Amino acid sequence: MVKVSPSILAADFLKLQLELEKVRNADYLHIDVMDGHFVPNITFGIPLMEALNRTDTPPLDVHLMISEPSRYVDKFIDLGAKIVAVHIEAENHLHRLLENIKSRGVEAFVAINPHTPVNSLENILPFLDGVLVMTVNPGFTGQKFIPHIAEKVKQLDIIRKERDLKFRIAVDGGINLNNAPIVVEFGADILVMGAAIFRSAAPEEVVTKVKELKR
């Protein structure tokens, strides 16, 4: 079954508690952490995680769009992250970082930007739990899906079948009800969706429809 991870970057922060109530049926809650250095925007971080710890949410799926993620990973895990995605473009000692994340009982994902080829993951695939394919350039919510980048999902699905690997494939960037069936058909297991959920008239229904998609 397809998993859905609503990105709270697209939520109304003046009504955050109410927004969270709308996505109780989601599998995860996606937290985009941006530092204004690795990506051209600054979002939220530790204070938001601390606040989310005081409420009932789906498991936290934390996407670190930051330089030197190894400096901060343990703190986000301490605050309840169940998935941590770090960018291959941001970390020099990726294998060591992934091993650290997994040693804490957390799923270790590696994110790749639109311009980063799938073959850059060749030597790290056996050591990770998932790949997060960015189908927009990271940094801002509400961007338009880049269709040809979705081919990376298909490539990764072929690789894991050929090599009998168990990593999951997540997709993030401009995903909506129109293109979700395409990336699921290509092999996506987790869909990160922001505006398509939080800015819809019926967020719960959007989540349900996506979870019902079949390959």
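This structure is a prediction, so every number in the text was calculated from the model and none was measured.

Caption draft 1: Region of the structure containing the pairing of strand 6 (residues 130-134). The buried count for strand 6 comes to five of five residues, which makes it a mostly enclosed element. Residues Gly130, Leu132 and Met134 point to one face of strand 6 and Val131 and Val133 to the other, with burial holding for every one of them. Pairing analysis gives four bridges linking strand 5 (residues 107-112) to strand 6, with the strands arranged parallel. Considered in strand 6, the bridge of Phe109 is made with Gly130.

Caption draft 2: Summary view of the UniProt feature "binding site: a divalent metal cation" (unreviewed entry) in the chain. In this structure's numbering, the residues bearing the UniProt feature "binding site: a divalent metal cation" (unreviewed entry) are His30, Asp32, His63 and Asp172. Across 143 residues in sequence, these annotated residues keep their C-alpha atoms within 10.6 Å of one another, forming a single compact spot. Narrowing the list just given to those that line the largest cavity leaves His30. Assessed through its relative accessible area of 5%, Asp32 is described here as buried. Residues within four places of Asp32 in sequence aside, it is in contact with Ser7, Leu9, Thr43, Phe44, His63, Met65 and Asp172. Among the polar contacts listed, one links the side chain of Asp32 to the side chain of Ser7, at a separation of 2.9 Å.

Caption draft 3: Molecular detail of the UniProt feature "binding site: substrate" (unreviewed entry) in the chain. Mapped onto this structure's residue numbering, the UniProt feature "binding site: substrate" (unreviewed entry) falls at Ser7, His63, Gly139, Phe140, Thr141, Gly142, Asp172, Gly173 and Gly174. Mapped onto the fold, Asp172 is located in strand 7 (residues 168-172). When sequence neighbours within four positions are dropped, the list of residues in contact with Asp172 reads His30, Asp32, His63, Leu132, Val133, Met134, Thr135, Val136 and Val192.

Caption draft 4: Summary view of the environment of Glu107. By secondary structure assignment, the location of Glu107 is in strand 5. Those residues in contact with Glu107 that sit more than four places away from it in its chain are Tyr28, Lys82, Ile83, Val84, Ile101, Asp129 and Arg168. Separated by 2.7 Å, the side chains of Glu107 and Arg168 make a polar contact.

Caption draft 5: The arrangement of helix 4 (residues 94-103) in detail. If you check which residues of helix 4 are buried, you get Leu94, Leu97, Leu98 and Ile101. Each buried residue of helix 4 lies within a common arc of 100° when the element is viewed along its axis, so the set occupies one face. Exposed residues on helix 4 whose side chains face more than 90 degrees from its buried face are Arg96 and Ser103. The secondary structure elements touched by the buried residues of helix 4 are helix 3 (73-78), strand 4 (81-87) and strand 5. Of the residues one or two after helix 4, Gly105 is the one with positive phi, at around 80°.

Caption draft 6: Looking closely at the sheet that holds strand 4. Spatially, 1-8-7-6-5-4-3-2 is the arrangement adopted by the eight strands of the open sheet, whose pairing is parallel. Among the strands making up the open sheet, the edge pair consists of strand 1 (3-6) and strand 2 (29-34). Between one strand axis and the next, the sheet turns by 25° as a mean value, whatever way the strands run. Each of strand 5, strand 6 and strand 7 touches helix 5 (residues 151-162); the most contacted strand, strand 7, lies at about 175° to it.

Caption draft 7: Just the pattern of salt bridges, in detail. Counted under the stated rule, the structure contains 13 salt bridges. A salt bridge links Asp164 to Lys166; the shortest N-O distance between them is 3.3 Å. Residue classification places Lys166 among the exposed residues on the basis of a relative accessible area of 69%. A single network of salt bridges, built from pairs that share partners, joins Asp157, Arg160, Lys161 and Asp189.

Caption draft 8: Main features of the packing of aromatic side chains. Under the definition given, this model contains zero aromatic pairs. Arg160 extends its terminal NZ or CZ atom over the ring of Phe167, reaching a point 5.9 Å from the ring centre.

Cut-offs applied
- Per chain, the residues get numbers from 1 upward, laid out in the order the sequence is written.
- Given that this is a predicted model, residues contribute local features only at a pLDDT of at least 70 and side-chain atom pairs are listed and counted only at 80 or more, while totals for whole chains, interfaces and linings are drawn from all residues.
- Hydrogens and water molecules were not included; the side-chain quantities draw on all heavy atoms of the structure.
- Only protein chains enter the accessibility calculation, which uses a 1.4 Å probe. A residue is then buried if its area is under 20% of the maximum for its type, exposed if over 50%, and partly exposed in between.
- Strands here mean DSSP runs of E at least two residues long; helices mean DSSP runs of H or I at least four residues long; both are numbered from the N terminus.
- Here the rule is simple: two strands pair whenever DSSP picks up at least two bridges between them.
- UniProt positions are given in the numbering used here, feature names are shortened, and annotations may be inferred rather than shown by experiment.
- Both cavities and pockets are sets of points on a 1 Å grid over the protein atoms alone; in a cavity a 1.4 Å probe fits but cannot get out, in a pocket the set is open with protein on both sides within 12 Å along at least five of seven lines, and lining residues sit with an atom within 4 Å of a point.
- Working rule for contacts: check all heavy atoms of both residues, and any pair within 4.5 Å makes them a contact.
- Within 3.5 Å is the distance limit for a polar contact, defined as a pair of N or O atoms, with the added protein rule that one can donate a hydrogen and the other accept it, and that residues adjacent in sequence qualify only through two side-chain atoms.
- To obtain the arc, one takes the directions from the helix axis to the C-beta atoms.
- Lines fitted to C-alpha atoms define the axes, with helix axes restricted to the stretch in contact, and inter-axis angles between N-to-C directions lie between 0 and 180 degrees.
- A carboxyl oxygen of Asp or Glu within 4 Å of a side-chain nitrogen of Lys or Arg is what we treat as a salt bridge.
- Any pair of Phe, Tyr and Trp rings, taking the six-membered ring for Trp, is counted once the centres come within 6.5 Å. Such a pair is stacked with planes under 30 degrees apart, edge-to-face with planes over 60 apart, and tilted for the rest.
- Remark: a charge is flagged as sitting over a ring if the NZ atom of Lys or the CZ atom of Arg is within 6 Å of the ring centre and within 35 degrees of the ring normal.

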